[in-house]
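Each chain, letter by letter, is given below.
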Amino acid sequence: MTVATSRHPAPAHPEPAGVDNRLVVGGAALTWRSLPTPTLPDPAAVLARSAVHALTAARQHAVHGTELLLSTASRVDAAMRAELLEAGFTVSVLDDDGVRPSVPARPRAAEPGRLWLLTSGSTGRPKRVGHTLDTLTTVRADQPDRTWLCPYAPGTYAWWQVVTLSLTQPGQHLVVVEPDELDDWPSVAAAHGVDAASGTPTFWRRTLYRDADALARVPLRQITLGGEPVDQAILDQLREVFPAARISWIYASSEVGASIVVHDGRAGFPVDWLDRETPGRPTLSVRDDELVVTSPYHGAGLAGPIRTGDRVQVLDGRVLITGRLDSDEINVGGSKVSAGVVRGVLAGHPAVAWARVTGRRAPVLGRMVVADVVLAPADAGVPDEAALVRWCADRLPEHAVPRRIRVLTDIPVKETLKSDV
């Protein structure tokens, strides 16, 4: 594994505190200090060909403050490239041959220290949100030494969360897995002593479904979930495999940063956290069933209460995030159904490894609830569609019970490690 580099100016910033932390990428052991710092145009939209190229761009920014938008080539289509060029970015592919730039027609002055993220596109086309290393650094207190797994796509908010932790905190080492290593990541993690891992609920469900025994051999002390609604079923499944680990779920987004962190093993967060104002911490509110966050870590140009687009439900003293407002609510004959609540009921069945719930057009009712499921291995029992419908009927009002349940053979996952839920 090589990364072409070239001469660059003297560092604009001191080396980050985690510069000597260990990095394992593609089976090779490195450190942040040993990574090259390629000369990048400024401002640069860097399309990294691999994990190591993405890490070199992150280190380059930390040392030189180059205005940077970092992504993989697969997340930036032709239309997005045109948008970036129009916005004055030099769009550069970074690979073993070095930096291959496409120069904008109207260059502009760079904004030193600015980092840009592309949102996941859950509300349409991805958009740019501005940050800095400081606003992306969500862990500031001293941490016990850990070796973290980083499975995320480079340049996403979740990727930066793990990367900034390693850059800014001594003793926070990284084992980075490429997309083609995801199906076998437990063996990679066990071989390199990974004891902390962050992933979406879909990432964890997929791993449990494919090889729970291999996962159990990873000596995890810290398990983090985020990026999607976190239900009780996945928390309980991970607790069963790792009874001694700290299991945390985090609510974070490109717009408002990391806003909620829960360690008590329960889905949702305590209702008494709502409207609690604490200096330096986000304030959480609910308006019309939507989570609203006022955060000191918000993206550039955002301020005050920010409507997140995420639907919440208050139940048994907990505030549960059930899904996106534009897709979570299903209107069945005038009655509102939360797809997230139905999904949680299905996921609570011991034989269901994953579920997706949507609405489908139907005569008379207008919409009806339907679901896709992936069943757990056969030793958990194999229910038929009628058994799953009865399970839901015992726990949901009649209008919320799925009328059709389709069984899939594998858990679908996008590059962002999320499913369409």
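Cut-offs and rules
Residues numbered from 1 in each chain as written. Predicted model: local features only at pLDDT ≥ 70, side-chain atom pairs only at ≥ 80, totals over all residues. Heavy atoms only, no water. Helix = DSSP H or I, 4+ residues; strand = E, 2+ residues; numbered from the N terminus. Rg over C-alpha atoms; globule rule 2.2 N^0.38 Å. Contact = heavy atoms within 4.5 Å. Areas by Shrake-Rupley, 256 points an atom, 1.4 Å probe, with all protein chains shown as cover. Axes fitted to C-alpha atoms, helices over the stretch in contact; angles between N-to-C directions. Parallel < 35°, antiparallel > 145°, perpendicular 65-115°, else oblique. Left-handed = near helix turned anticlockwise from the far one by under 90°. Pairing = 2+ DSSP bridges. Domains from an automatic or database assignment. Buried area = accessible area lost by both parts, 1.4 Å probe. Salt bridge = Lys/Arg side-chain N within 4 Å of Asp/Glu carboxyl O. Buried < 20%, exposed > 50% of the residue type's maximum accessible area, 1.4 Å probe, protein only. Nonpolar A, V, L, I, M, F, W, Y, C, P; charged D, E, K, R; others polar. pLDDT = per-residue confidence, 0-100.

### A look at the overall build of the protein
Part 1 of the reasoning: The number of helices and strands found in the protein is 10 helices and 24 strands.
Part 2 of the reasoning: A globule of 421 residues ought to have a C-alpha radius of gyration of about 22 Å, and the protein, at 22 Å, matches this closely.
Part 3 of the reasoning: Taking all contacts inside the protein whose residues are at least 6 apart in sequence as the whole, residues at least 24 apart take part in 63%.
Part 4 of the reasoning: Of the accessible surface of the protein, which amounts to about 18200 Å², a share of 52% is contributed by carbon and sulfur atoms.

### Description of the packing of helix H1 (residues 51–64) against helix H4 (residues 157–168)
Part 1 of the reasoning: Between H1 and H4, whose axes approach to 12 Å, the crossing angle comes to 60°. With respect to H4, the axis of H1 lies oblique. For the element pair H1 and H4, the recorded crossing hand is right-handed. Seen from H1, the contacting residues are Ala 54, Leu 55, Ala 58 and Ala 62; seen from H4, they are Trp 159, Trp 160, Val 163 and Leu 167.

### Concerning the sheet that holds strand E18 (residues 306–315)
Part 1 of the reasoning: The strand order E15-E19-E18-E17-E16 describes an open sheet built from 5 strands, whose pairing is antiparallel. In this open sheet, the two strands that pair with only one neighbour each are strand E15 (269–270) and strand E16 (283–287).
Part 2 of the reasoning: Direction of pairing for strand E17 (residues 290–294) relative to E18: antiparallel, over a ladder of 3 bridges. Looking at the pairing, Val 292 lines up with Arg 307 of E18.

### Concerning the domain arrangement of the protein
Part 1 of the reasoning: Structurally, the protein comprises domain 1 (183–324) and domain 2 (329–407).
Part 2 of the reasoning: The C-alpha-based centres of domain 1 and domain 2 are spaced at 23 Å.
Part 3 of the reasoning: Between domain 1 and domain 2 the total buried area reaches about 900 Å² when both faces are included, carbon and sulfur atoms providing 54% of it.
Part 4 of the reasoning: Across the domain 1-domain 2 interface, the total number found is 1 salt bridge.

### Concerning the side chain of Ser 166
Part 1 of the reasoning: Summarising the element assignment, Ser 166 is placed in helix H4.
Part 2 of the reasoning: Note on Ser 166: relative accessible area 1%, which makes it buried.
Part 3 of the reasoning: Residues contacting Ser 166, with those up to four places away along its chain left out, are Gly 18, Asn 21, Leu 23, Trp 32, Gln 172 and Leu 174.

### Details of the packing of helix H6 (residues 201–216) against helix H7 (residues 232–241)
Part 1 of the reasoning: For the pair H6 and H7, interaxial distance at closest approach is 11 Å and the crossing angle is 25°. Relative to H7, the element H6 is oriented roughly parallel. For the pair H6 and H7, the sense of crossing is left-handed. Contacts from Pro 201, Trp 204, Arg 205, Leu 208 and Ala 216 in H6 reach Ile 234, Gln 237, Leu 238 and Val 241 in H7.
Part 2 of the reasoning: Each residue belonging to the contact of H6 with H7 can be placed in one class, and the counts come to 7 nonpolar, 1 polar and 1 charged.

### Considerations on the sheet that holds strand E24 (residues 404–408)
Part 1 of the reasoning: As summarised here, the arrangement of the 3 strands in space is E22-E23-E24, forming an open sheet in which the pairing is mixed. At either margin of the open sheet sits one strand with a lone partner, and together these are strand E22 (352–362) and E24. The sheet shows a mean angle of 25° between the axes of neighbouring strands, direction not considered.
Part 2 of the reasoning: Note that strand E23 (residues 366–375) and E24 share 5 bridges and pair parallel. Directly across from Val 370, in E24, lies its bridge partner Arg 404.

### Considering the confidence of the model for the protein
Part 1 of the reasoning: Across the protein, the average pLDDT comes to 91, with 95% of residues at 70 or higher.
Part 2 of the reasoning: Note on residues 1–8: pLDDT is under 50 here. Beyond four places in sequence and across chains, it has 25 contacts.

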